[in-house]
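# Observations on the model geometry
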Amino acid sequence: MKMLIGAAVTAATLLVGTEAAATNYTLWIHGRNGNKTQAGNYNDFSYWGPSTTAAGVNKRAVNWNGTQRVGAENYRIRNALDCFCTGTNSCYIAAHSAGDLQIGYALALYGGSERDVKNAVPNANGECGNAGTAKQVGWNIKWVAVASGAGGGSELADHGDWAVSEPLVSDLVTTTARAMYNHNTTRNVWFYMFAGSKGTAYSGILPGQDDEAVAYHSTGGVSGSGNGSYCNPGDWFCGGTLNTGTAACSDGRAKWSYHSVALRDDGESYNHYANGTWGGIVSKVREYMVTYAY
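All values derive from a computational prediction rather than experimental measurement.

### A short note on the state of the cysteines
The bond known as a disulfide is covalent and runs between the sulfur atoms of two cysteines. A complete count under the given rule lists three disulfides for this structure. What pairs with Cys85 in a disulfide is Cys91, and their sulfur atoms sit 2.1 Å apart. With the S-S bond torsion at -95°, the cross-link from Cys85 to Cys91 turns out left-handed. By relative accessible area, which is 0% here, Cys91 ends up buried. Two residues, Cys231 and Cys238, share a disulfide whose sulfurs are 1.6 Å apart. Cysteine pairing for the chain, with bonded cysteines counted in sequence order: 1-4, 2-3, 5-6. Summary of cysteine pairing: Cys249 is not part of a disulfide, and the nearest cysteine sulfur, belonging to Cys231, is at 11 Å. The exposure class of Cys249 is buried, given its relative accessible area of 4%.

### Observations regarding the side chain of Ser90
Take Ser90: it is sitting in strand S3 (residues 90–96). Beyond its immediate sequence surroundings of up to four residues, Ser90 is in contact with Thr23, Asn24, Tyr25, Phe84, Asn140 and Lys142.

### Details of the pairing of S3
Consecutive residues of a regular strand have side chains that alternate between opposite faces of the sheet. For S3, the buried fraction is high: seven of the seven residues fall into the buried class. Neither face of S3 is open: one carries Ser90, Tyr92, Ala94 and His96, the other Cys91, Ile93 and Ala95, and all of them are buried. Judged from the six bridges that link them, S3 and strand S6 (residues 141–147) form a sheet pairing that is parallel. Each residue of the ladder has a partner; that of Ile93, found in S6, is Val144.

Calculation notes
Residues numbered from 1 in each chain as written. Predicted model: local features only at pLDDT ≥ 70, side-chain atom pairs only at ≥ 80, totals over all residues. Heavy atoms only, no water. Disulfide = S-S within 2.5 Å. Buried < 20%, exposed > 50% of the residue type's maximum accessible area, 1.4 Å probe, protein only. Helix = DSSP H or I, 4+ residues; strand = E, 2+ residues; numbered from the N terminus. Contact = heavy atoms within 4.5 Å. Pairing = 2+ DSSP bridges.

Given below as structure tokens:
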């Protein structure tokens, strides 16, 4: 009888120990940034705002060289996913602008690959050691929240309005961004899109509603090989309305699979830029992470 009780206690202790070891993280993946953050430093939140600001459970900044092409720098995103989103650990992902391309690229091209389970203890390069010999397929990602996603590119890149000397700009050309990987392949991970519309300066270049950098066809996760002109309900001179949730646009154009518009900026209140203050449309994603990433 004592032996049975002892075995039960041991089993319960092991179960509690396993549950206690499981940790959730919130990973923030920035966009184009002039390489002003320290790549591999998960504590450098200078792109976003004060690091003391609440932004989801166990937040980590996934920094990469935001002037270089997505494919060249994507290993840094995969390093972070391996570090914090394998084994018993899981992640919530927040992304901004070209960070949408980075997480989409990682999931579509590498989300079905075998990964070493890591120990969540990064070195100076942002790499973590193996937690034994365990392996798994892909990563443990709960969902992705995207502020002004550039997964569909931007006409500012098409027209050369950004520094053309930056290799990343060539990836942000609308046709290139949309052909870079299969945006429907998210490994069943939901992308919740936050689309800002406080755009003024480039209204003649960006079609439909925009946030001064990216138009609704991209920030709303609208599918297809080309861009489109989408607006808020009741706006004139648009090809259609960007509907919220997973519903197709009013012209029938569907969103990519597992993409849902969580916020459409009907009040035209949020622009593209975080400005080092968790500002613009990023402010709404931060609020979302504080509420739901725990």
